[in-house]
Amino acid sequence: MAKQKISSYVCNDCGADFNKWQGQCAECGAWNTLTELRIGSSKNSSVMRNAGFSGAANGSISVLSEIMLDEVPRIITGSVEFDLVLGGGLVPGSCILVGGEPGAGKSTLLLQHLCSLAQNHKSLYVTGEESPQQVAMRASRLELPSDKLQIMAETSVEAICAAAIQYQPKILVVDSIQVMHLDDVASAPGSVSQVRESAAMLIRYAKETNTVLLLVGHVTKDGVIAGPKVLEHMIDCSMMLESSNDSHFRTLRCNKNRFGAINELGVFAMTDKGLREVPNPSAIFLQRGDEVASGSLVMVIWEGTRPLLVELQALVDPSHLGNPRRVTVGLDHNRLAMLLAVLHRHGGLMVGDQDVFVNVVGGVKALETSADLALILAVISSFRDRPLPRDLVVFGEVGLSGEIRPVPNGQERLREAVKHGFKRAVVPAGNAPKKAIRGMEVIAVRKLTDAIEALD
Ligand code: TYD
Ligand code: MG
C-alpha cells in the first residue's frame, strides 16, 4: 500500500494551507513564507489518550435553544486595564494568545497577574525560556505574592499536559509557544508545524478541562519564526503587547476576542517594579510643552469603549523630489492622499508640491475616520506655519464632497476633552451637544470651509 502523505504547506504570515509549495502565498500575497508542515499522529497522542481525552466531540445534534446556558462566571484578574482588554475577565476554557516582540514585557505581565490570581485559583506557570530560579528572582524583586503559584520548566507539550492533568490548574500559562515541541512532529521548535501542533494540543486540553490557557507568542518583524499569525484562527482571544518607540509605555490591544469587544486599549508603564497600570492614558499622550508648534493638534479618537485624546502632528515642507512624499505614522496612508485631494478641491489649498508627514504621538494608531478633520487642520496649520490654539480639540469625518460627517460617541468625546482642560472644540454639526457644555466652546461645522474659517 502506498504510504499516506500527510504534509501540507503553510504560510508563516497568514496561516493559509496549500497542497504544494509555491513562491508566493495565494492568500496574503507574501513571498517566500510557505513552509512544510508535517502532520504526525499527534492528534491522538498517548498522554491525552491515557488520561481519557479522546480529542473528539461526541457528535450529537441538538437544538440551539435547548443548550444549557450555565452562566460561567468570569475570572476577574484584578487589573482594571487587563480586564478591560479581556472584555471583563478570563473566561474558563478559553485560549488567549499574548503576542509581542521579545522584551515587550509579556512574561512580566503574565507573571504579575498569575501571582495574584493564584491566591484564589489554582494556577500553573510553565516557563520554557527561563529557569524557575530566574522567574522566582523576578517575582521576589517585584515583591509579588508567590506562595501559591506552581511553576514548571518544561518544553515538551506531552509533559505539560501530563502535569496539568495531574495538578488540574484553573489557569495555565505557557511561555512561550515558540519553544514548545511535540515528539510526534518532526521539525524544530519554533517552526510552523511545531507551533501549530503544540498549540492545538494545549488548546484541546484547555477546552476539554475548562482551563484558561494563556499562550505567549513572539512576533518578529520579518516573520521568520512562526509568529502568532498561524495560531490566530485556533484561539479565542489574541492580544498584542506593544511598546511605542523606546518609551516605557506599553499598550495592550485585542485584535480578536470571541468573548468581548476588540480594539480595547489597555495602557501600562514598564517601571523598575514591573508593569504598572496607567489609569488615565489620555494624560500621557498629551504631554506637550508650553509652546505649541504649528501643525500640532489634539484629537479625540475612540478606543474600544472609551475616548482617548492624542496629539497629531503634521509637517508640510516644499519637496525636492519629483514625487512629493506622503508619510504617515499611526494613520492610514491612503486616507491621507484622499484627504489632501479633498483639501485641494474643497478647501482651496494645494499641497501637490509639498512633502507631507503626519504622525500620531506616542505610537498610538488612529485608524478611525474621526481623525480626518484633525488631519486636515494640522496640515493647514503646518503649511501656513500658524500654530493652532493650545486648548483646542478636533474630531470629525470628512467626506469626499467636503462635508463634515458626525462620528459615534460625540458627547463622550467632548466630555473627555473637558476633563483634560480643553476649552474649544471643532466638531461636526451632527455631534454638537443640545445643551451647552460648561467651560467648552463648541464650534459645530458642516463643511470643510466652515472649519477652516472658524480657525482663521
Ligand atoms: P519580559 O517580560 O522578560 O519580556 P518578554 O517576555 O516579552 O520577552 O520583559 C523584559 C523587559 O522588561 C526587559 O527589557 C527589562 C524590562 N523590565 C523592566 O524594565 N522592569 C522590570 O521590573 C522587569 C521585570 C522588566
Ligand atoms: Mg519572556
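The following paragraphs examine the structure supplied in this document. (Residues numbered from 1 in each chain as written. Chains lettered and ligands numbered in written order. Predicted model: local features only at pLDDT ≥ 70, side-chain atom pairs only at ≥ 80, totals over all residues. Heavy atoms only, no water.)

Attention now moves to the overall build of the chain. Summing up its helical and strand segments, the chain has 11 helices and 21 strands in all. In the chain, the share of contacts with a sequence separation of at least 24, taken over all contacts with a separation of at least 6, comes to 67%. Carbon and sulfur atoms make up 52% of the accessible area of the chain, which amounts to about 22,000 Å² in all. (Helix = DSSP H or I, 4+ residues; strand = E, 2+ residues; numbered from the N terminus. Contact = heavy atoms within 4.5 Å. Areas by Shrake-Rupley, 256 points an atom, 1.4 Å probe, with all protein chains shown as cover.)

With respect to the helices and strands, the residue Arg250 is situated in strand S10 (residues 249-257). A sequence separation of 26 residues divides Arg250 from Arg276, and the C-alpha atoms of the two residues are 9.6 Å apart. In terms of polar contacts, Arg250 uses its side chain to reach the backbone carbonyl oxygen of Ala104, at 2.6 Å. (Polar contact = N/O pair within 3.5 Å; in protein donor to acceptor, adjacent residues only side chain to side chain.)

Let us look at the site of ligand 1. Around ligand 1 there are 15 residues in total, and Gly103, Lys106, Ser107, Thr108 and Thr271 lie nearest to it. Within the backbone of Lys106, one N or O atom sits 2.8 Å away from an oxygen atom of ligand 1. In the model, an oxygen atom of ligand 1 is placed 2.9 Å from a nitrogen or oxygen of the Gly274 main chain. Burial of ligand 1 by the surrounding chains reaches 72%, relative to a free accessible area of 560 Å². With 3 residues, the top contributor of residues to the shell around ligand 1 is helix H3 (residues 106-117). Of the residues in the shell around ligand 1, the class split is 4 nonpolar, 6 polar and 5 charged. (Near = heavy atom within 4 Å. Nonpolar A, V, L, I, M, F, W, Y, C, P; charged D, E, K, R; others polar.)

Our focus in this paragraph is the packing of helix H5 (residues 157-167) against helix H6 (residues 192-209). H6 packs onto H5 with a crossing angle of 10 degrees between their chain directions and a minimal axis gap of 10 Å. Judged on the interaxial angle alone, H6 and H5 are roughly parallel. Residues Val157, Glu158, Ile160, Cys161, Ala164 and Ile165 of H5 form the contact with H6, whose participating residues are Ser198, Met201, Leu202 and Tyr205. Taken together, the residues that form the contact of H5 with H6 break down as 8 nonpolar, 1 polar and 1 charged. (Axes fitted to C-alpha atoms, helices over the stretch in contact; angles between N-to-C directions. Parallel < 35°, antiparallel > 145°, perpendicular 65-115°, else oblique.)

Moving on: the side chain of Arg413. Considering the arrangement of structural elements, one finds Arg413 in helix H10 (residues 410-419). Residue class for Arg413 comes out buried when judged on its relative accessible area of 0%. For Arg413, the side chain forms a polar contact with the side chain of Glu368, separated by 3.2 Å. Setting aside anything within four residues of it in sequence, one finds Arg413 in contact with Val300, Ile301, Trp302, Pro307, Glu368, Ser370, Phe395, Val407 and Pro408. (Buried < 20%, exposed > 50% of the residue type's maximum accessible area, 1.4 Å probe, protein only.)

Inspection of the entire model under this criterion finds 0 aromatic pairs. The cationic tip of Lys122 hangs over the ring face of Tyr167; the distance from NZ or CZ to the ring centre is 4.8 Å. When the ring centre of Phe395 is taken as reference, the NZ or CZ atom of Arg413 above it lies at 5.4 Å. (Phe/Tyr/Trp six-rings, centres within 6.5 Å; stacked < 30°, edge-to-face > 60°. Lys NZ or Arg CZ within 6 Å of the ring centre and 35° of its normal.)

Residues Met299, Leu373 and Val379 are the most contacted members of the largest nonpolar core, which totals 48 residues. The leading source of residues in this core is helix H9 (residues 372-384), at 8 residues. Inspection of this core shows a minimum of three residues originating in each of domain 2 (42-52 + 73-279) and domain 3 (284-455). Apart from the residues lying within four places of it in its own chain, the contact partners of Val379 are Ala314, Val316, Leu340, Leu343, Val356 and Val358. With 33 residues, the next largest nonpolar core counts Leu111, Leu117, Met239 and Leu275 among its residues. (Core = buried A, V, L, I, M, F, W, Y, C linked by side-chain atoms within 4.5 Å. Domains from an automatic or database assignment.)

The interhelical angle for the contact between H3 and helix H4 (residues 132-141), taken along N-to-C directions, is 70 degrees, at an axis separation of 11 Å. The angle between H3 and H4 falls in the class roughly perpendicular. For H3 against H4, the interelement crossing comes out right-handed. Touching Ser107, Thr108 and Leu111 of H3 are Val135, Arg138 and Ala139, all from H4. Its residues assigned to classes, the contact of H3 with H4 comprises 3 nonpolar, 2 polar and 1 charged. (Left-handed = near helix turned anticlockwise from the far one by under 90°.)

An order of S15-S16-S14-S13-S17-S20-S21 is seen for the 7 strands of this open sheet, with the pairing classed as mixed. Strands at the two margins of the open sheet, each flanked by one partner only, are strand S15 (326-329) and strand S21 (441-445). Going across the sheet, the axis of each strand differs from the next one's by a mean of 25 degrees, ignoring polarity. In the sheet, S15 pairs with strand S16 (residues 354-360) via 4 bridges, with the strands oriented parallel. (Pairing = 2+ DSSP bridges.)

You can see Ser146 is positioned in the loop between H4 and strand S6 (150-153). Of the residues examined, Ser146 reaches a relative accessible area of 43% and is grouped as partly exposed. Ser146 sits 10 residues away from Ala136 along the chain, and the two C-alpha atoms are 8.0 Å apart. Those residues in contact with Ser146 that sit more than four places away from it in its chain are Cys115 and Ala139.

Here helix H8 (residues 333-347) spans 20 Å end to end across 15 residues, near enough to the 21 Å set by a 1.5 Å rise per residue. Among the residues of H8, those classed as buried are Leu336, Leu339, Leu340, Val342 and Leu343. Take H8 and look down its axis: the buried residues cluster within an arc of 160 degrees, on one side only. Those residues of H8 that are exposed and aimed more than 90 degrees away from the buried face are Asn334 and Arg345. If you follow the buried residues of H8, they end up packed against S15, S16, H9, strand S18 (397-398) and helix H11 (448-454). (Expected span 1.5 Å × (residues − 1). Arc of directions from axis to C-beta.)

All right, on to H5 then. Along H5, the residues classified as buried are Val157, Glu158, Ile160, Cys161 and Ala164. Angular distribution of buried residues about the axis of H5 spans 160 degrees; they occupy a single face of the element. One or two residues past the end of H5 sits Gln168, with phi positive at roughly 50 degrees.

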